Every structure is written in structure tokens, then in C-alpha cells.
Amino acid sequence: MIKFYAPEYREKVKHLLGLLLPVIATELAMFGMNFFDASMSGQAGPVELAGTAMAGNVWMPLRAGMGTALMAGTPIVAQLIGAKKTEEIPKVIQQGLFLAVFFALVVIVLLSFGAPLFYDYLNLESDVKHVAVWYGISVGAGVLPFFLVGPLRALVDSLGHTDLTMKIFLLTLPINGILNYIFIFGCGFIPAYGGIGAGIATGITYWILFFMFVWSVHCLPGLKEFHIFRQIALAYRQFWEYLRIGIPMGVGVFLECGVFAITSFLIAKFGTAFIAADMAATNFCTIMYMIPCSISMAATILVGVEVGARHKEDAHTFGILALQISLAAVFIYTALEFLSIEWIARIYTDNKEVMAIIVNFMMYGIVWQFFDAVGSPLQGILRGYKDVKFTFLISVFAFWCVCLPYGVFMDYVQGREAYCYWEGINLSLFLNSVALFCRLRYREKQELEKDI
């Protein structure tokens with residue numbers, strides 16, 4: 001049993017928080033860009049917000065799924081550090097860069113040619129479709145650099161330089177905000193592009209982010225010694241390990257995000273006000289999700305290092321700490337959300353009809369965030385063990401066999417309103433958390449039995 005007064009426990013708390021706080025700042029900054037897109041597009045009008053919402057519902061699952069797959073370098077590098085095999089790290093990161101190029105090409109084709117056909121199928125209003133198509137194409141111009149950042153960030157974070165990642169993202173956040181203002185509302189000789197301008201600003205920001213990471217990895221002490229960009233070549237063993245870890249991670253996250261996207265598409269039949277409100281509420285809840293997501297990433301690094309070093313009790317302790325911090329945090333920020341829920345709605349729009357719907361969605365979102373505060377750290381701990389297949393399978397079951405069928409049944413059979421889809425999300429997140437907890441207990445027991 002953990003002794004809370006033990007000096008070694010306090011040291012672990014400091015270690016975890018020292019790694020965690022910059023990661024939280026980084027994730028909030030990264031999704032702050034989405035917040036700028038949503039809130040500033042909303043101020044340009046409901047049509048602009050709905051258009052960016054539709055395009056975002058296509059881009060975000062692709063970004064989250066493939067981006068997560070590219071972060072597979074984190075548990076791999078963490079275990080190499082723990083096992084003192086750092087000479088293998090450059091080859092691992094280089095395989096991630098190869099994979100990033102392939103993913104980028106696929107996504108560019110989907111955003112430019114596949115998405116417009118999908119919008120035709122949804123029978124969107126012509127103005128909403130126009131914004132959605134050109135927002136996606138504009139973001140697509142920055143997809144390649146954004147994906148290349150993934151493996152580079154995995155290297156930086158796994159080596160403990162999460163503060164550097166934080167500084168880079170915090171620097172790009174105001175740049176993105178300024179670019180959003182310029183391209184959405186117009187400035188000088190630049191016309192007002194509305195919601196499309198948010199896509200232009202995001203694409204430019206991704207290139208700036210990429211060049212900052214390249215400079216850091218190539219020039220800064222503690223990173224340049226790995227010579228990531230020297231003698232880049234395919235290494236099949238490392239490439240297949242990257243795929244073995246990354247694909248289940250990415251597909252699992254893609255399926256989870258895909259449910260949110262499909263839910264938004266199903267809600268679209270209720271009208272533009274519901275589309276805009278669903279996008280706004282989802283956007284804000286996703287920003288707050290960055291706190292348990294950050295705890296998950298920190299847990300992956302610390303648990304991975306301890307597992308690589310064969311320190312299983314320390315790996316268990318870091319896992320417990322991650323869960324404790326996540327639960328403490330969710331009680332605080334959901335209470336603040338509840339007290340300021342109407343003010344949050346005003347951030348996105350001044351339309352009273354849309355505001356009222358946002359408030360209703362946010363009430364469901366508060367429940368959703370409680371379950372995520374448990375499930376996300378558990379997922380991160382399991383990744384530290386390189387245990388990723390189970391999280392993929394439970395994502396398929398919870399989100400595609402429970403969440404969507406529940407929402408569709410309640411909507412089309414029971415005649416419920418759009419909120420039934422958010423009820424399904426909460427149910428699936430609850431089941432996901434319970435299953436991941438049981439899996440972690442099994443995996444830790446399995447690891448201990450290896451030493452007997």
C-alpha cells in the first residue's frame with residue numbers, strides 16, 4: 001500500500017507534476033487553436049460556425065487518430081530510456097517521420113476530394129457546405145508539417161523536455177489567434193474569409209510549429225546529440241514496432257473521435273442551431289479533456305521508463321498517482337464549468353437559441369468529463385506497458401456497439417431529441433473506464449507473476 005507521507009512518494013509526486021504541468025499547458029495551447037477556430041468563427045455568424053463544425057468533424061478524427069499513432073514513439077522511446085538503449089532512439093523517430101508523410105498524403109486527398117462528396121450526401125445548406133469544403137482544403141495545406149511534428153514531439157517529451165514542447169505551443173497559440181482574426185474578419189488588403197479564414201490560419205500555424213520543432217531537435221543540447229536528421233533510412237524492425245504500437249493506439253482514438261463526428265452528423269438533421277451548439281459544446285469539453293489527456297501522456301512516459309527499467313512497483317505507483325491527480329482535477333474544473341455554464345455559451349455565440357442548446361449539451365458534457373478523467377489516465381498507463389490492443393477492442397465495443405446504436409434507437413425509434421446522442425456517449429465512456437480499469441489490474445498482476 002502507498003504511504004502518502006513517505007519521502008519517496010513525495011518525490012514521485014514532484015516528478016509527475018514536473019512532467020505533467022508543461023504537458024497540460026501544451027495540450028491546452030494546441031486545442032486552444034481549435035477554440036479560436038470555433039469561437040471566432042461563431043462570432044462571424046452561425047453559418048460560419050456550422051461550416052467549420054462540419055469540416056472539423058471530418059478533420060478532427062483523422063488528426064486525432066493518425067496523430068496518436070505517430071505518438072507511438074513515446075512508449076517505445078520511454079522503455080528504451082529505462083533499458084538504457086538510447087542508441088536505438090534515432091531509428092525509432094525516423095520511422096515515425098516516414099509514417100507521417102504517408103498519413104499526410106492520405107489525409108490531403110480525403111480533405112480535398114472525399115469530404116466534398118460526403119457533404120453532398122448530408123445535403124448541407126449551400127453556404128455551410130462552401131465554408132466546410134474550403135476550410136478543409138485550407139487546413140490540408142498544413143497537414144504534412146503537423147503530422148511530422150508528432151514523432152519529433154514524442155522524442156522531446158520522452159526525454160523529459162516537456163517544458164520545451166510547452167514553450168513552442170504557447171508561442172504558436174497567440175500567432176494562431178492573430179492569424180484567425182486577420183483571415184476571418186479581414187485586415188488591410190486581406191479580405192474577410194469568415195470560417196474559411198480559420199482554416200487558412202490553422203494551416204499556416206502548423207508550418208510555423210513544424211519549423212520550431214525542427215530547429216529545436218537539430219540545434220538544442222540534449223536533443224541534437226541524437227542526430228535525428230542524419231542518415232535517415234527505413235529500419236524495418238523499428239518501423240514494424242512503430243506500427244504495432246501506433247496503429248491500435250491511433251485506430252482506437254479514431255474510433256472514439258469518429259463517434260463524436262458521426263453523432264454531430266446525425267444531429268445535423270435538427271438544423272443549423274443544433275449543429276452550431278453541438279460543435280461549441282464539444283469544442284469546450286474537448287479543451288477541458290486536455291487535462292486528463294495530458295495526465296495520460298505523462299503516465300505513459302513515466303510508467304514506460306519504469307517498465308523498461310524493470311521497476312514494477314514504481315510503475316504501479318506512478319499509475320496510482322496519475323489517477324488521483326486526474327480525479328482531483330475533474331472535481332475542480334467541472335464545478336467551475338457548472339457555475340459559469342451560461343458565460344461559456346456566450347463565448348461561442350450571442351444567438352439566444354444556440355446559447356440555450358449549448359447549455360443543455362454542456363450539462364451532459366460535465367458527466368462525460370468525469371468518465372474521461374478515469375478512462376484517459378488508465379489508457380496512458382496501459383500504453384506505458386505497450387498494452388494497446390485491448391484499448392482498441394474496447395473502443396470498438398463501447399463506442400460503436402453501444403454508443404451509436406443507443407443514440408440511433410432513441411432518436412429514430414423512441415423519437416427523442418438530439419440530446420440522446422450525448423447520453424449514448426456518456427454510457428460508452430462509463431463502460432470504457434470500467435473495462436480499462438479491469439485490464440490494468442490484470443496486466444499489473446501479470447507483470448508481477450513474471451518475477452515469481
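So, how was this worked out
- Residues numbered from 1 in each chain as written.
- Predicted model: local features only at pLDDT ≥ 70, side-chain atom pairs only at ≥ 80, totals over all residues.
- Heavy atoms only, no water.
- Helix = DSSP H or I, 4+ residues; strand = E, 2+ residues; numbered from the N terminus.
- Rg over C-alpha atoms; globule rule 2.2 N^0.38 Å.
- Buried < 20%, exposed > 50% of the residue type's maximum accessible area, 1.4 Å probe, protein only.
- Contact = heavy atoms within 4.5 Å.
- Lys, Arg positive; Asp, Glu negative; His and termini not counted.
- Charge placed at Lys NZ, Arg CZ, Asp CG, Glu CD.
- Phe/Tyr/Trp six-rings, centres within 6.5 Å; stacked < 30°, edge-to-face > 60°.
- Lys NZ or Arg CZ within 6 Å of the ring centre and 35° of its normal.
- Salt bridge = Lys/Arg side-chain N within 4 Å of Asp/Glu carboxyl O.
- Patch = residues over 30% accessible without salt bridge, like charges linked within 9 Å, V, L, I, M, F, W, Y side chains within 5 Å.
- Areas by Shrake-Rupley, 256 points an atom, 1.4 Å probe, with all protein chains shown as cover.
- Core = buried A, V, L, I, M, F, W, Y, C linked by side-chain atoms within 4.5 Å.

A few points about the overall build of the protein chain
Each helix and strand counted, the protein chain has 15 helices and zero strands in total. Here the protein chain has a C-alpha radius of gyration of 21 Å; the compact-globule value for 452 residues is 22 Å, and the two agree. Along the first, second and third principal axes, the C-alpha set of the protein chain runs to 65 × 50 × 35 Å. With 452 residues in all, the protein chain has 60% of them scored as buried. For the protein chain, the proportion of contacts with a sequence separation of at least 24, taken over those separated by at least 6, is 85%. In the protein chain, which carries 29 positive and 32 negative side-chain charges, the distance between the mean positions of the two groups comes to 10 Å.

A short note on the packing of aromatic side chains
Evaluation of the coordinates by the stated rule reveals 24 aromatic pairs. Grouping aromatic residues by their ring pairs yields a cluster made of Phe 270, Phe 274, Phe 361, Tyr 364, Trp 368, Tyr 419 and Trp 422. Positioned over the ring face of Phe 318 is Lys 12, at 5.9 Å from the centre of the ring. The side chain of Lys 269 reaches across the aromatic face of Tyr 412, ending 3.9 Å from its centre.

Details of the pattern of salt bridges
The full count for this structure, using the stated rule, is twelve salt bridges. Note that Arg 443 is salt-bridged to Asp 387, the shortest N-O span being 3.3 Å. Placement of the pair is Arg 443 in helix α15 (residues 419–449) and Asp 387 in the loop between α13 (352–384) and α14 (389–413), with a sequence separation of 56 residues. Through salt bridges that share partners, Glu 27, Arg 153 and Asp 157 make up one connected network.

Focus on a nonpolar patch on the surface
Residues Phe 98, Phe 229, Ile 232, Leu 234, Tyr 236 and Trp 240 make up a contiguous nonpolar surface patch of about 630 Å² in total accessible area. Tracing the backbone shows Leu 234 in the loop between α8 (195–219) and α9 (236–267).

A short note on the nonpolar core
The biggest cluster of nonpolar side chains holds 145 residues, and the ones touching the most others in it are Trp 59, Tyr 119, Phe 147 and Phe 361. Here the element with the most residues in this core is helix α10 (residues 272–308); it accounts for 23 residues. Ignoring anything within four residues of it in the chain, the contact list for Phe 147 reads Trp 59, Leu 62, Arg 63, Met 66, Gly 67, Leu 70, Ala 100, Phe 103, Ala 104 and Val 107. In this structure, Leu 179, Ile 190, Ile 200 and Ala 201 belong to the second largest nonpolar core, which totals eight residues.

Considerations on unusual backbone geometry
Notably, Arg 310 is not glycine yet its phi reads approximately 65 degrees, a positive angle. Mapped onto the elements of the fold, Arg 310 is located in the loop between α10 and α11 (312–339). The class of Arg 310 is partly exposed, set by a relative accessible area of 49%. At Lys 386, a residue that is not glycine, the phi angle is positive and equals roughly 60 degrees. Its location among the elements puts Lys 386 in the loop between α13 and α14.

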